[in-house]
Amino acid sequence: MLSAPLLELERYDWSQLRCGCGDGAGHLSVTFRKLLEAKTPQDAVGYRLDGHVEVQSMLFEAAVPAVSVILAALTEELAPFVRSHFLVTLLFAVSGEPHSSEVAAGRESLDGECCDKAREGLWVLYHEAMSGDTENALDVLEIIEEDETRFSRFRAALADRLAKQ
């Protein structure tokens, strides 16, 4: 089936990207597919983005395209645990810093690249905050949103929803 996240996933040559596990990121294509298809937590056993895109908030090259795939995925129907995993991964990507091996490879601005990429999906994240995982979406927005007035207004409007989650 054709979907935005799968089309975005296929835009990248994952095997050419560095991964936090020490191997090339080629396996992340399968990981994303399994997560996108998962209906139960058992369907996703062994398929995680942490330890690959980032390790303890230290970013690897695969983080930048992962942000794009995650934003595309958030436009789709996802199992709640997958949606949460994607948002937490996105939060680590925008709040992390490049791993020392990435700095040595000349990718010292991975954190900024992830934030810039996440800003491309600003309204996807606002929609998520209003109708999905409010807390995690607002945490990401707090980091990437450059319009403080807009963010404050949305946060205030979502205070009741946030208190219920």
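The coordinates are above.
Sequence positions are assigned chain by chain, starting from 1 and proceeding in written order. Where local features are concerned, this predicted model is filtered to residues with pLDDT of at least 70; where side-chain atom pairs are given and counted, the filter is 80 or more; whole-chain, interface and lining totals use all residues. Note that the side-chain values use all heavy atoms of the structure and ignore hydrogens as well as water.

(A) View of the packing of helix α3 (residues 63-73) against helix α6 (residues 110-119). The axes are straight lines fitted to the C-alpha atoms, using for helices just the contacting stretch, and the angles between their N-to-C directions are given from 0 to 180°. Each helix is a run of H or I in the DSSP string that is no shorter than four residues. Each strand is a run of E no shorter than two, and both are numbered from the N terminus. Look at α3 against α6: their axes get within 9 Å of each other, and the N-to-C directions meet at 20°. One way to sum up the angle between α3 and α6 is to call them roughly parallel. For the pair α3 and α6, the crossing hand works out as right-handed. The residues of α6 that touch α3, namely those facing Ala63, Val64, Val67, Ser68 and Leu71, are Leu110, Glu113, Cys114, Lys117 and Ala118. In this count, Pro and Cys sit with the nonpolar residues alongside Ala, Val, Leu, Ile, Met, Phe, Trp and Tyr, while Asp, Glu, Lys and Arg are called charged and the others, Gly among them, polar. Residues that form the contact of α3 with α6 fall into these classes: seven nonpolar, one polar and two charged. Reported orientations rely on four angle classes, namely roughly parallel under 35 degrees, roughly antiparallel over 145, roughly perpendicular from 65 to 115, and oblique for the rest. In this scheme the handedness of a crossing depends on how the near helix is turned from the far one: anticlockwise by less than a right angle means left-handed, clockwise means right-handed. What makes two residues a contact is simply this: any of their non-hydrogen atoms within 4.5 Å.

(B) Molecular detail of the sheet that holds strand β1 (residues 54-55). Here, strands pair whenever DSSP counts at least two bridges between them. Strand order in the open sheet formed by three strands is β1-β2-β3, with mixed pairing between adjacent strands. At either end of the open sheet lies a strand with only one pairing partner, and these are β1 and β3 (97-98). Alignment of strand β2 (residues 58-59) against β3, held across two bridges, turns out to be parallel. From the neighbouring strand, leucine 59 faces β3, where its bridge partner is proline 98.

(C) Molecular detail of the nonpolar core. Counting residues in hydrophobic clusters, the biggest one holds 51 residues, and the most contacted among them are Trp14, Phe32, Phe86, Leu90, Leu125, Leu141 and Ile144. Elements represented by at least two residues in this core include exactly α1 (4-9), α2 (28-37), α3, α4 (80-95), α6, α7 (122-131), α8 (134-144) and α9 (148-157). With eight residues, α3 is the largest single contributor of residues to this core. Apart from residues lying up to four places away in sequence, leucine 125 is in contact with Leu71, Leu74, Leu87, Leu90, Ala118, Ala137, Val140, Leu141 and Ile144. For the purposes of this section, nonpolar cores are sets of buried Ala, Val, Leu, Ile, Met, Phe, Trp, Tyr and Cys residues that join through side-chain atoms within 4.5 Å. Under the scheme applied here, a residue whose accessible area is under 20% of the maximum for its type counts as buried, over 50% as exposed, and between as partly exposed, the area being computed with a 1.4 Å probe on protein chains only.

(D) Just α2, in detail. Those residues of α2 that sit buried are Leu28, Ser29, Thr31, Phe32, Leu35 and Leu36. Buried residues along α2 cover an arc of 160° about the axis, so they all sit on one side. As for α2, its buried residues are in contact with α1, α3 and α4. By definition, the arc is the one covered by directions from the helix axis to the C-beta atoms.

(E) Summary view of the side chain of asparagine 136. Secondary-structure assignment places asparagine 136 in helix α8. Taking the relative accessible area as the measure of exposure, asparagine 136 reaches 15% and is therefore buried. If we skip the residues at most four places from it in the chain, asparagine 136 touches Ser84, Leu87, Val88 and Leu91.

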